[in-house]
Amino acid sequence: MSFRAVRSSKFRHVFGTAQKHDNCYDGIRVSKNAHDSPFCSVNTKFIAIIVEAGGGGAFQVIPFAKTGRVDVNAPKVTGHKGPVLDVQWNPFNENMIASASDDCFVKVWVIPDGGLTENMTESTVDLLGHQRRVGIVQWHPTADNILASAGFDYMCIIWNVSTGEAIKRIECHVDTIYCISFNFDGSLLASVSKDKKIRIIDPREGVVRYEGESHQGAKAARVTFLGKDNRVLTTGFSRMSERQYAIWDPKDLSYPLNMEMIDTGPGVLF
């Protein structure tokens, strides 16, 4: 009988202390959609949370300082015809937020300074270019009104939000895209996908500059650039369903600079 020892997590005895209820957001019906997403986005003014909604998709926008119990009838952003899968605030305009949905649309909304006083159904810009549901939106870090989206049609689209036009369609993926991330100046775009590949893409040209094998597990992976050093961090699963993180040199994806097993938890690491 074979036996394989499971390495204990270094953080198994680290515990956080919950804030008092007065400093929390309570009573929010967070979406139960099975899509792997944080289901929220935050800036210095607002927190946006994707919530349960009948007959379409919705997310709630709460002023950051307004903690406590949220009224069940509080106004929501309800313009999508399918479940909302991702939201992200614009880093250049803290009142502007993009949302991606099961209805194949990316929508951009402008939230009033004091927050919502009634349901918002009309978006500022509608971006239609994906043929299947859209699971990811990501704003460009240095160019205002430039937005990237990734859908279940295996396509990434770079949008000019000010004109509502698609300025680049990136069609290098052959399976579901799990995550995308710009580097610090937006000159590169990293992605991980269901084909277990990590790719470094030139978003201006729409071509893959570097490609390599990523985490080999069947569950979703995540990727992000690490500051100006342009190192890349990924999280994912091994073939034995162990949660891992890895650090990569984006110019050489043949093997990670370092890969560590974290634990055997089932949840995707964000």
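In what follows, the accompanying structure is described. (Residues numbered from 1 in each chain as written. Predicted model: local features only at pLDDT ≥ 70, side-chain atom pairs only at ≥ 80, totals over all residues. Heavy atoms only, no water.)

A short note on the overall build of the chain
- Assigned secondary structure in the chain consists of zero helices and 22 strands.
- Projected onto its principal axes, the C-alpha positions of the chain cover 60 × 45 × 35 Å.
- Expressed as a percentage of the 270 residues in the chain, the buried residues total 49%.
- Partitioning the contacts of the chain with sequence separation of at least 6, the portion at a separation of at least 24 is 43%.
- For the chain, the computed accessible surface area is about 14,200 Å², with 50% contributed by carbon and sulfur atoms. (Helix = DSSP H or I, 4+ residues; strand = E, 2+ residues; numbered from the N terminus. Buried < 20%, exposed > 50% of the residue type's maximum accessible area, 1.4 Å probe, protein only. Contact = heavy atoms within 4.5 Å. Areas by Shrake-Rupley, 256 points an atom, 1.4 Å probe, with all protein chains shown as cover.)

Quick look at unusual backbone geometry
- Here the phi dihedral of N145 falls at roughly 65 degrees; this positive angle occurs in a residue that is not glycine.
- Looking at the element boundaries, N145 is found in the loop between β11 (134-139) and β12 (146-151).
- Residue K196 is not a glycine yet carries a positive backbone phi of 70 degrees.
- Take K196: it is sitting in the loop between β16 (189-193) and β17 (197-202).

As for the sheet that holds strand β22 (residues 258-263)
- An order of β19-β20-β21-β22 is seen for the four strands of this open sheet, with the pairing classed as antiparallel. In the strand order of this sheet, the two ends are held by β19 (222-226) and β22, each with one partner. Direction aside, neighbouring strands of the sheet carry axes that sit 20 degrees apart on average.
- In this sheet, β22 lies alongside strand β21 (residues 243-248) in antiparallel orientation, the contact comprising five bridges. Opposite A246, over in β22, you have M259 as the bridge partner. (Pairing = 2+ DSSP bridges. Axes fitted to C-alpha atoms, helices over the stretch in contact; angles between N-to-C directions.)

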